[in-house]
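Single-letter residue listing:
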Amino acid sequence: MSATYPTLRMRRMRRDSFTRAMMRETSISPANLIWPVFVIEGENRTQAIDSMPGVERMSIDLLVEQAREAASLGVFGIALFPMVESEKTPYAEEAYNANGLIPRAVKAIKANAPELMVITDVALDPYTSHGQDGLIDDSGYILNDETVAVLIQQALAHAASGVDFVAPSDMMDGRIGAIREALDEAGFFQTKILAYSAKFASHFYGPFRDAVGSATFLGKSSKDTYQIDFGNSDEAMRECALDIEEGADMLMVKPGLPYLDILARVKNEFKMPVAVYQVSGEFAMLKAASANGWLDYKKCLMETLIAFRRAGASAILTYGAMDAARWMNGK
Ligand code: PBG
């Protein structure tokens, strides 16, 4: 006999905080968090980003201090994105400069906070004069194989600097396999690949493009010919399956909250570690609403993080990582 109302009352177990706590199915800790940061040249320099309140670009020396703090708060990893102020070029030569901003930042962080996992983005958009993630032909079409050849050089430069994970975010075909092969050939078989596998052509990346300074160069062009159409779910599954076959160690779904169905589906289907990226536009929405007093930033951010964990994320990239880690540490 199965009990039903009024014998069964679901609210009985919700009345007290001890039973509510006992029944909570999902947990989150700083070890689930990856903090994306924007790096600039110079010393003791910071720059505010208008569309991302509370987020600042930092020079490497300041970044190292922040990395040490992140590690002391138990944050799992840090993901580096460059704001390149030197000249951007059609062929993105700076992307694979072994002594460029990103390789130097990796070395500095690894030397001072070795316990922190460091992730670097593999894509050309911070370096190209046209703001696309790859090289383009005369018509503006993004060339696949020519781009992959440059991404390999970029990944090798990052691996040589001692990065833990390279994270190709460019969505070119075949880049995971090609990068894996090149890394192995060069002896970097321990360098892991976090594949932005289910990366959608989203409109929530706007503030990020301001932060890395690609927005003005990109202008009105879109990334629709390489990122996934946001109406599609099966296609995202195929991208994940291919990246697994090509040797990805971990997958990513991006953006986050509007794509929880994709995250849950990827986790259920592939049973491997999945990261989710709460992107700049999602963060900007939370910040804007809370600045108006319409939402509580702390409570809503934590709710989104739990939602990602509930849907199956092992790791969450969020611009709120340091805030959340401080709260979780009782600070
Ligand atoms: C590009 C890249 C983007 C983000 C991470 N890597 C933007 C894009 O594809 O245009 C977005 C992150 C965010 O919005 O927070 N290689």
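Residues numbered from 1 in each chain as written. Predicted model: local features only at pLDDT ≥ 70, side-chain atom pairs only at ≥ 80, totals over all residues. Heavy atoms only, no water.

Enquirer: Please clarify how the site of the ligand should be interpreted in this entry.
Expert: In the region of the ligand, 18 residues are neighbours, and Ser169, Arg209, Lys254, Ser280 and Tyr319 sit closest. Lysine 223 has a polar side-chain atom sitting 2.7 Å from an oxygen atom of the ligand. Between the ligand and the protein, one listed contact pairs an oxygen atom with a side-chain N or O atom of tyrosine 319 at 2.6 Å. Relative to its free-state accessible area of 400 Å², the ligand is covered by the protein chains to the extent of 100%. Grouping the constituent residues of the shell around the ligand by class yields eight nonpolar, three polar and seven charged. (Near = heavy atom within 4 Å. Polar contact = N/O pair within 3.5 Å; in protein donor to acceptor, adjacent residues only side chain to side chain. Areas by Shrake-Rupley, 256 points an atom, 1.4 Å probe, with all protein chains shown as cover. Nonpolar A, V, L, I, M, F, W, Y, C, P; charged D, E, K, R; others polar.)

Enquirer: Even after reading the chapter, I still don't get the nonpolar core, so can you show me in this structure?
Expert: Where a protein is soluble and globular, its nonpolar side chains tend to be buried together. If you look at the biggest cluster of nonpolar residues, it comprises 111 residues, and the most contacted ones within it are Phe38, Ile78 and Leu80. At nine residues, the largest contribution of residues to this core is made by helix α11 (residues 297-311). (Core = buried A, V, L, I, M, F, W, Y, C linked by side-chain atoms within 4.5 Å. Buried < 20%, exposed > 50% of the residue type's maximum accessible area, 1.4 Å probe, protein only. Helix = DSSP H or I, 4+ residues; strand = E, 2+ residues; numbered from the N terminus.)

Enquirer: What am I meant to see in helix α9 (residues 260-270) here?
Expert: One full turn of an α-helix is made of 3.6 residues, so residues set three or four places apart face in the same direction. Leu260, Ile262, Leu263, Val266 and Phe270 are the residues of α9 that are buried. Relative to the axis of α9, the buried residues are bounded by an arc of 160° and lie together on one face. Relative to its buried face, α9 has exposed residues pointing more than 90 degrees away, namely Asp261 and Asn268. Where α9 is buried, its residues meet β7 (192-199), α8 (234-245), β8 (250-254), β9 (274-278) and α11. Just past α9, the residue lysine 271 takes up positive phi, approximately 45°. (Arc of directions from axis to C-beta. Contact = heavy atoms within 4.5 Å.)

Enquirer: Explanation requested: the pairing of β7 in the structure shown.
Expert: Consecutive residues of a regular strand have side chains that alternate between opposite faces of the sheet. Among the eight residues in β7, seven count as buried, and that is most of the element. Relative to β7, strand β6 (residues 165-168) runs parallel, the two sharing two bridges. Note that in β7 the partner of valine 166 across the bridge is isoleucine 193. Viewed along the sheet, the connection from β6 through helix α5 (residues 175-185) into β7 turns out right-handed. Relative to β8, β7 runs parallel, the two sharing five bridges. Paired with alanine 198 across the two strands is valine 253, which belongs to β8. (Pairing = 2+ DSSP bridges. Right-handed = clockwise from strand over helix to strand, strands pointing away.)

Enquirer: Can you help me understand the packing of α9 against α11 in this one?
Expert: The description of two packed helices rests on the angle between their axes and on the distance between the axes. Running from N to C, α9 and α11 point in directions that differ by 35°, and their axes come no closer than 8 Å. Facing Leu260, Leu263, Ala264 and Lys267 of α9, the residues of α11 in contact are Ala307, Phe308, Arg310 and Ala311. Among the residues forming the contact of α9 with α11, the class breakdown is six nonpolar, no polar and two charged. (Axes fitted to C-alpha atoms, helices over the stretch in contact; angles between N-to-C directions.)

Enquirer: Would you explain the environment of isoleucine 34 in this entry?
Expert: As for its position among the elements, isoleucine 34 is in strand β1 (residues 33-40). Separated by 101 residues in the primary sequence, isoleucine 34 and leucine 135 place their C-alpha atoms 29 Å from one another. Here isoleucine 34 is in contact with Phe76, Gly77, Ile78, Ala79, Met117, Ile119, Ala315, Ile316, Leu317, Thr318 and Ala321, once residues within four sequence places are set aside.

Enquirer: How do you make sense of the packing of aromatic side chains when you look at a structure like this?
Expert: Working definition: an aromatic ring pair is given by the centre-to-centre distance plus the angle between the planes. What the rule picks out here adds up to eleven aromatic pairs. Between phenylalanine 38 and phenylalanine 81 the ring centres are 6.0 Å apart and the planes differ by 40°, which places this aromatic pair in the tilted class. Of this pair, phenylalanine 38 sits in strand β1 while phenylalanine 81 sits in strand β4 (residues 77-82), and the two are 43 residues apart along the sequence. Accessibility expressed as a relative area gives 1% for phenylalanine 38, which makes it buried. Ring centres of tyrosine 196 and tyrosine 277 lie 6.3 Å apart, and the angle between their planes is 45°; this geometry places the pair in the tilted category. (Phe/Tyr/Trp six-rings, centres within 6.5 Å; stacked < 30°, edge-to-face > 60°.)

Enquirer: Help me understand the environment of serine 221 in this model?
Expert: By the secondary structure assignment, serine 221 is in the loop between α7 (215-218) and α8. Residue classification places serine 221 among the partly exposed residues on the basis of a relative accessible area of 38%. A polar side-chain atom of serine 221 sits 2.7 Å from the main-chain carbonyl oxygen of leucine 218.

Enquirer: In this structure, what is going on with the packing of helix α4 (residues 144-160) against α5? I would like to understand it.
Expert: Where α4 contacts α5, the axes come no closer than 9 Å and their chain directions differ by 45°. On the basis of their axis angle, the class for α4 and α5 is oblique. In terms of crossing hand, the pair formed by α4 and α5 is right-handed. In this structure, α4 contributes Val148, Leu151, Ile152, Ala155, Leu156 and Ala159 to the contact, and α5 contributes Arg175, Ala178, Ile179, Ala182 and Leu183. (Parallel < 35°, antiparallel > 145°, perpendicular 65-115°, else oblique. Left-handed = near helix turned anticlockwise from the far one by under 90°.)

Limitation: the analysis is restricted to geometry and does not speak to function.
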